[in-house]
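Analysis of the macromolecular model
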Amino acid sequence: MAETSSAKIPVTVLTGYLGAGKTTLLNRILSEPHGKKFAVIVNEFGEIGIDNDLVVGADEEVFEMNNGCICCTVRGDLIRIIDGLLRRKGQFDGIIVETTGLADPAPVAQTFFVDEEVQAKTKLDAVVTVADAKWLSDRLKDAPEAKNQVAFADVILLNKTDLVSAEELAEVEARIRGINPYAKLHRTQKSAIDVSKVLNQGAFDLDRILEIEPAFLEEDEGHHHHHDHEHGPDCGCGHDHGHDHHHHGLKAVHDAEMQSFSFSTEKPLDPDKFFPWVQDLVAKEGPSILRSKGILAFKDDPDRFVFQGVHMILDGDHQRPWKDGEKKVSRIVFIGRKLDAKALEAGFLSCAA
Ligand SMILES: Nc1nc2c(ncn2[C@@H]2O[C@H](COP(=O)(O)OP(=O)(O)OP(=O)(O)O)[C@@H](O)[C@H]2O)c(=O)[nH]1
């Protein structure tokens, strides 16, 4: 191998369950005056690109993979994007990959070991997992990905400490330590952390990963083995994609099926209809709606409104003015289990001004 490891471009994989605070962390990293340039790759569950629109920094190029999970087919996508980036070497100092909250980080991390070209030119610096202090304990019970995200982490941000009591925080930290005693753990709010604790960690430890997942380096298109759940027939991510990656409602093979529905409308929305509707919706359906988010165009509002929900906790803010010529489309996505797509769509569309 011609290249020394110092010439390799460091790759940071940001993972963490739905709504834990990954994008918040990514935006912090990108906003920091570090003078570095990053290539950002985001991967979404669901078909309307919202995540890439929530990433700050006009300077950064954001590459989007929205074919569901990073696994068998999408890993090809990741390799293709990275190959493209490598041809323009020198233009950036690092690569940051933000995975969907439903991704098992193993296939993502594998990419940096199994593909020769990628392996020669990049090094996986660290898997950084954002853990939601409020919801992680619940997800450890019903979502194998959440556990794998913790197990694979080199650095863990135990985030949203403002939403739990000191006892709850200690409890969830103990659960994390039970799964992964090795990672550096930082307690955070709004993913606030010194960037030096996240980037250039030189932390990814292949030996430790091989202990957790002995088949890690086997180049088998993602048929790696989990300890704790049955994996899907086609890939290791646990999601049953069927044959169409663009359809609504990707399914999970474990416990209950995970779905994603997104809707959009060009009609301006009435905030006085939208907020009561969405508040009532998550109050009633919060347990099954794991994640909601949207970019909304309100009537007579020059700014884009970003709306965010994690279960029944809602958040929202104006993002930036709609640009000249930018189509004012409102987009919203719901990720969860046992969702009533028709009712969601009808409800959303009824918020038109
Ligand atoms: N109360 C509280 N809310 C937070 C904190 N960190 C992030 N949030 C909010 O949680 C929501 C989700 O944050 P994101 O950064 O979008 O989470 P994510 O992990 O990127 O979400 P997905 O990509 O959809 O999986 C947003 O409304 C954030 O403002 C925190 O420390 N405390």
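Residues numbered from 1 in each chain as written. Predicted model: local features only at pLDDT ≥ 70, side-chain atom pairs only at ≥ 80, totals over all residues.

**A word on the site of the ligand**
Not every one of the 22 residues close to the ligand is listed here, only the nearest: T23, T24, G101, Q308 and D315. Counting only elements with at least two residues in the shell around the ligand, the list comes to α1 (22-31) and β12 (303-310). Considering every element that reaches the shell around the ligand, the biggest residue donor is α1, with three residues. Classifying every residue of the shell around the ligand by side-chain character gives five nonpolar, ten polar and seven charged. Residue-level mapping places the shell around the ligand at the junction of two domains, with at least three residues from each of domain 1 (5-212) and domain 2 (258-349). (Near = placed C-beta within 6 Å. Helix = DSSP H or I, 4+ residues; strand = E, 2+ residues; numbered from the N terminus. Nonpolar A, V, L, I, M, F, W, Y, C, P; charged D, E, K, R; others polar. Domains from an automatic or database assignment.)

**Details of the pairing of strand β14 (residues 330-337)**
Summarising burial for β14: six of the eight residues are buried, a large majority. Bridge count for strand β10 (residues 258-265) against β14 is eight bridges, and the pairing is antiparallel. In the sheet register, S262 faces β14, and the bridge partner there is V333. Here six bridges tie strand β11 (residues 289-297) to β14, and the two strands are oriented antiparallel to one another. Within the sheet, the bridge partner assigned to G294 lies in β14 and is I332. (Buried ≥ 20, exposed ≤ 12 C-beta atoms within 10 Å, placed from the backbone. Pairing = 2+ DSSP bridges.)

**Looking at unusual backbone geometry**
Even without a glycine there, the phi angle at K190 is positive, about 50 degrees. A positive phi angle, near 50 degrees, is found at H311, a position not held by glycine.

**Section: the environment of Q308**
Tracing the backbone shows Q308 in strand β12. Sequence-wise, Q308 and A174 are 134 residues apart; in three dimensions their C-alpha atoms are separated by 28 Å. Every residue in contact with Q308, bar those within four places of it in the chain, is listed here: K293, D315 and G316. (Contact = placed C-beta atoms within 7 Å.)

**Some remarks on the UniProt feature "domain: CobW C-terminal" (unreviewed entry) in the protein**
The feature "domain: CobW C-terminal" (unreviewed entry), as given by UniProt, occupies residues 258-352 in the numbering adopted here. Helix makes up 25% of residues 258-352 and strand makes up 44%, while its end C-alpha atoms are separated by 28 Å. (UniProt positions renumbered as here; feature names shortened; annotations may be inferred.)

**Quick word on the sheet that holds β14**
With antiparallel pairing, five strands are arranged side by side in an open sheet as β10-β14-β11-β12-β13. The outermost strands of the open sheet, each flanked by one partner alone, are β10 and β13 (313-321). When strand polarity is set aside, the average angle formed by the axes of neighbouring strands in this sheet is 10 degrees. For β12 and β13, the ladder comprises seven bridges, and the chain directions are antiparallel. Each residue of the ladder has a partner; that of V310, found in β13, is I313. The sheet strands contacting helix α10 (residues 341-349) are β10 and β14, and the helix crosses β10 at an angle near 25 degrees. (Axes fitted to C-alpha atoms, helices over the stretch in contact; angles between N-to-C directions.)

**Structural notes on the nonpolar core**
Core analysis: the largest hydrophobic core is formed by 79 residues, its most contacted members being V13, I95, A131 and I156. No other element matches the six residues that strand β5 (residues 122-132) contributes to this core. The residues that make up this core include at least three from each of domain 1 (5-212) and domain 2 (258-349). When residues no more than four places from it in sequence are discounted, the contact partners of A131 are G16, A20, L136, V150, I156, L157, L158, N159 and I176. (Core = buried A, V, L, I, M, F, W, Y, C linked by C-beta atoms within 7 Å.)

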